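# Examining the three-dimensional arrangement
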Amino acid sequence: MTVATSRHRTPAHPEPAGVDNRLVVGGAALTWRSLPTPALPGPAAVLAHSAAHALTAARQHAVHGTELLLSTASRVDAAMRTELLEAGFTVSVLDDDGVHPSAPARPRAAEPGRLWLLTSGSTGRPKRVGHTLDTLTTVRVDQPGRTWLCPYAPGTYAWWQVVTLSLTQPGQHLVVVEPDELDDWPSVAAAHGVDAASGTPTFWRRTLYRDADALARVPLRQITLGGEPVDQAILDQLREVFPAARISWIYASSEVGASIVVHDGRAGFPVDWLDRETPGRPTLSVHDDELVVTSPYHGAGLAGPVRTGDRVQVLDGRVLITGRLDSDEINVGGSKVSAGVVRGVLAGHPAVAWARVTGRRAPVLGRMVVAEVVLVPAEPASADTGVPDEAALVRWCADRLSEHAVPRRIRVLTDIPVKETLKSDV
């Protein structure tokens, strides 16, 4: 990779503590120190051509503090690019041939140290949320040495969480997989000694579905889930494959940062965490079935209680996050149904690898519950027992849900859908 660099400039910040951590990207072993620091005119909106180019932009920011928004070109459409230019960003494509900038019509002064994230767009168009390297760095105590897998799209909140861990903590090495390596990531991870990995529930379900044996060969000691609702089924499936690993689920967002971390192997978090005020830690509340977070790691201008837009349910002493408020609730003839609860019931069926639940218009009722599922491949030894059909899955739900919550249609898909964000729009 050849890029114009700014090595001749005096660094604005001391070298980060993890500067000599090992990086593996595109099959090449590097360190943070060996990465070039491209010359980026700030404020810079960088569209990275590959994971390697994204890492060089992160390294440049850590050294020089250039105001930076980092993304892939696929997440920035023409309208967003125009919006960034109008906001005074120099939009630069970063690839093997260097930096290719498009200057704004009305430049503005850069804000040193500012990092911008684009939200996932789950509530509409992505929006910008301001952070700093400090507010994105939520692991601040010494950690046991780890080699982490980073499968996330560059510039997302989850990507920065793994990257800042490696930048700021000695002994936190990083193996980055490109999108075209995702289907074969267990072999890449095993080859490079990965023992810790972070991914969405969809990421883990898809890996288990495609090749559980290959996953079991990765010597994982730390497994992290986040970015989507985490149900008991996926936690139990991962525990079965990795009985000795620590399995953690994290609730985090661009707006409020990393706010909830649970290690006990159970979905949701203890109800007695609600409204508990501890200095330096987020405060969690529930208002009208919505999770509200007051966090020291919030984005710029978001101090105080932030309504997350995520729906919660309190059940058996746990607070479960079931999905987005605007899509989780289905009104069936005046009765409210949580799509997340129905999804959890379907995911609990031993033959279901993944499920999505939505509402569909229906006469008389107004809406009815429908679902899509991907089934676990049948083992040859159990092939004579067959796989569950739609009627069997409906009966499974009917035994566990109120009548109005039972899906009226269940469609079987052949593969688990996944977006660049490693989510499947559940």
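Calculation criteria
Residues numbered from 1 in each chain as written. Predicted model: local features only at pLDDT ≥ 70, side-chain atom pairs only at ≥ 80, totals over all residues. Heavy atoms only, no water. Helix = DSSP H or I, 4+ residues; strand = E, 2+ residues; numbered from the N terminus. Rg over C-alpha atoms; globule rule 2.2 N^0.38 Å. Buried < 20%, exposed > 50% of the residue type's maximum accessible area, 1.4 Å probe, protein only. Areas by Shrake-Rupley, 256 points an atom, 1.4 Å probe, with all protein chains shown as cover. Lys, Arg positive; Asp, Glu negative; His and termini not counted. Charge placed at Lys NZ, Arg CZ, Asp CG, Glu CD. Pairing = 2+ DSSP bridges. Axes fitted to C-alpha atoms, helices over the stretch in contact; angles between N-to-C directions. Parallel < 35°, antiparallel > 145°, perpendicular 65-115°, else oblique. Left-handed = near helix turned anticlockwise from the far one by under 90°. Contact = heavy atoms within 4.5 Å. Nonpolar A, V, L, I, M, F, W, Y, C, P; charged D, E, K, R; others polar. Arc of directions from axis to C-beta.

## A word on the overall build of the protein
- Assigned secondary structure in the protein consists of 10 helices and 24 strands.
- For the protein, the C-alpha radius of gyration of 22 Å lies close to 22 Å, the compact-globule estimate for 426 residues.
- Seen along its three principal axes, the alpha-carbon backbone of the protein occupies a region of about 70 × 45 × 45 Å.
- Out of the 426 residues belonging to the protein, those deemed buried represent 52%.
- With an accessible surface of roughly 18,800 Å², the protein has 52% of that area assigned to carbon and sulfur atoms.
- Computed over 42 positive and 47 negative side-chain charges, the separation of the two mean positions in the protein equals 3 Å.

## Digging into the sheet that holds strand β17 (residues 290–294)
- Strand order in the open sheet formed by five strands is β15-β19-β18-β17-β16, and the pairing between neighbours is antiparallel. If you trace the sheet from one side to the other, it starts and ends with β15 (269–270) and β16 (283–287), each paired once.
- Looking at chain direction, strand β18 (residues 306–315) and strand β19 (residues 318–324) are connected through six bridges and run antiparallel. Across the sheet, residue D310 finds its bridge partner in β19, namely R324.

## Remarks on the packing of helix α1 (residues 51–64) against helix α4 (residues 157–168)
- Axis separation between α1 and α4 bottoms out at 12 Å; the angle between their running directions is 60°. With respect to each other, α1 and α4 are oriented oblique. For α1 against α4, the interelement crossing comes out right-handed. On α4, the residues touching A54, L55, A58 and A62 of α1 are W159, W160, V163 and L167.
- Each residue belonging to the contact of α1 with α4 can be placed in one class, and the counts come to eight nonpolar, no polar and no charged.

## Structural notes on the side chain of H131
- Looking at where H131 falls in the secondary structure, it is placed in strand β8 (residues 128–132).
- With relative accessibility at 1%, the residue H131 sits in the buried group.
- With sequence-adjacent residues up to four places away left out, H131 is seen in contact with G113, R114, L115, L117, L136, S254, Y297, H298 and G299.

## Details of the side chain of T137
- Here T137 shows up in the loop between α3 (133–136) and β9 (146–150).
- Every residue in contact with T137, bar those within four places of it in the chain, is listed here: T164 and T168.

## A look at the pairing of β19
- Burial analysis of β19 places five of its seven residues in the buried class, which makes it a mostly covered element.
- Bridge analysis of β15 against β19 gives two bridges, and the strand direction is antiparallel. Looking at the pairing, F269 lines up with V319 of β19.
- Where β18 folds back on β19, the antiparallel hairpin that results is connected by two residues, among which D316 adopts a positive phi of roughly 55°.

## Some remarks on the environment of W160
- Counting through the fold element by element, W160 comes out in helix α4.
- The residues touching W160, leaving out its near neighbours within four places in the chain, are A58, L68, L70, L115, L117, L133, L136 and G155.

## Considerations on helix α10 (residues 390–398)
- Of all the residues in α10, the buried ones are A392, L393, W396 and C397. Buried positions in α10, seen along its axis, are confined to an arc of 140° and lie on one side of it.
- Residues of α10 that are buried in the fold lie against α9 (339–347), β22 (352–362), β23 (366–375) and β24 (409–413).

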